[in-house]
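Residues per chain, in single letters:
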Amino acid sequence: MANENFEPKITCFVCNWCTYTGADLAGTSRLKQQPNARLIRVPCTGRIDPVFLIKAFETGADGVLVSGCHPADCHYNTGNYHARRRWIFFRELLNTVGIPESRVHFSWVSASEGKKWVDVVNGVIDKVRQEGPFEGYKKINNEFALPEEVEV
Ligand code: FES
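Predicted model, so just to flag it, every value in this text is computed and none were measured.

Student: How would you sum up the packing of helix α2 (residues 50–58) against helix α3 (residues 79–94)? Please name residues and give values.
Tutor: Packing of α2 against α3 brings their axes to within 10 Å, and their N-to-C directions diverge by 50 degrees. On the basis of their axis angle, the class for α2 and α3 is oblique. Across the interface between the two elements, P50, L53 and I54 of α2 pack against R86, W87 and F90 of α3. Taken together, the residues that form the contact of α2 with α3 break down as five nonpolar, no polar and one charged.

Here it is as C-alpha cells:
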C-alpha cells in the first residue's frame, strides 16, 4: 500500500559507540537524510529489551530500526552477539504480538560509516512509507483509553 503523503515515524535504537557516532558523522558531513527518524541512544545493543520495540509501536512508531557495532567491535565485547541471539527469537514472536516482521529492521553501522547510516535509515523510511501507517496498536489503545474527563 503506497501512500505518497504518509510520513512515517521511525524509532531508532542505536548504540552510543558506533551507530550513534556514525549518525553524528553523517550530520557533521552534511549528508542528506530524511527527517522521519528519532534516535534513542543506548549504551549497547545488548541493553535493548524487546519490550522497548513493542513500546515504540504502542506509542506511535510505524517502524523500528536497531543498529549497533559490527560483530567483534562491541565495546562490551559480546553485547551485540547477545542482541543478535535475542532478535532471532524475538522475530519469531513479532507476529504473535501483532507487529509485521517487515516493520522491524536491524543493521550494523560503525562510527566511521556516516554514508552507510544515511543509506540504511533512508532505506528503512522508504520501506515503511510503502507499507503505510502501522495501525495495529492504535486501535487497541483507543479501545482501552480512559475517558478524557474522569470525575473524582
Ligand atoms: S557497544 Fe555497540 S553494540 Fe555493544
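Student: Could you give an account of the pairing of strand β1 (residues 10–15), naming the residues involved and the relevant values?
Tutor: With six of its six residues buried, β1 lies for the most part within the structure. Side chains I10, C12 and V14 of β1 all project onto a buried face; the interleaved residues T11, F13 and C15 project onto the opposite face, where all are buried too. Where β1 meets strand β2 (residues 37–42), six bridges bridge the pair, whose relative direction is parallel. Paired with F13 across the strands is I40, a residue of β2. At this point the chain moves from β1, through helix α1 (residues 19–28), to the parallel β2, and the crossover so formed is right-handed. Here five bridges tie β1 to strand β3 (residues 63–68), and the two strands are oriented parallel to one another. Looking at β3, one finds that V14 is bridged to S67.

What counts and how
Residues numbered from 1 in each chain as written. Predicted model: local features only at pLDDT ≥ 70, side-chain atom pairs only at ≥ 80, totals over all residues. Heavy atoms only, no water. Axes fitted to C-alpha atoms, helices over the stretch in contact; angles between N-to-C directions. Helix = DSSP H or I, 4+ residues; strand = E, 2+ residues; numbered from the N terminus. Parallel < 35°, antiparallel > 145°, perpendicular 65-115°, else oblique. Contact = heavy atoms within 4.5 Å. Nonpolar A, V, L, I, M, F, W, Y, C, P; charged D, E, K, R; others polar. Buried < 20%, exposed > 50% of the residue type's maximum accessible area, 1.4 Å probe, protein only. Pairing = 2+ DSSP bridges. Right-handed = clockwise from strand over helix to strand, strands pointing away.

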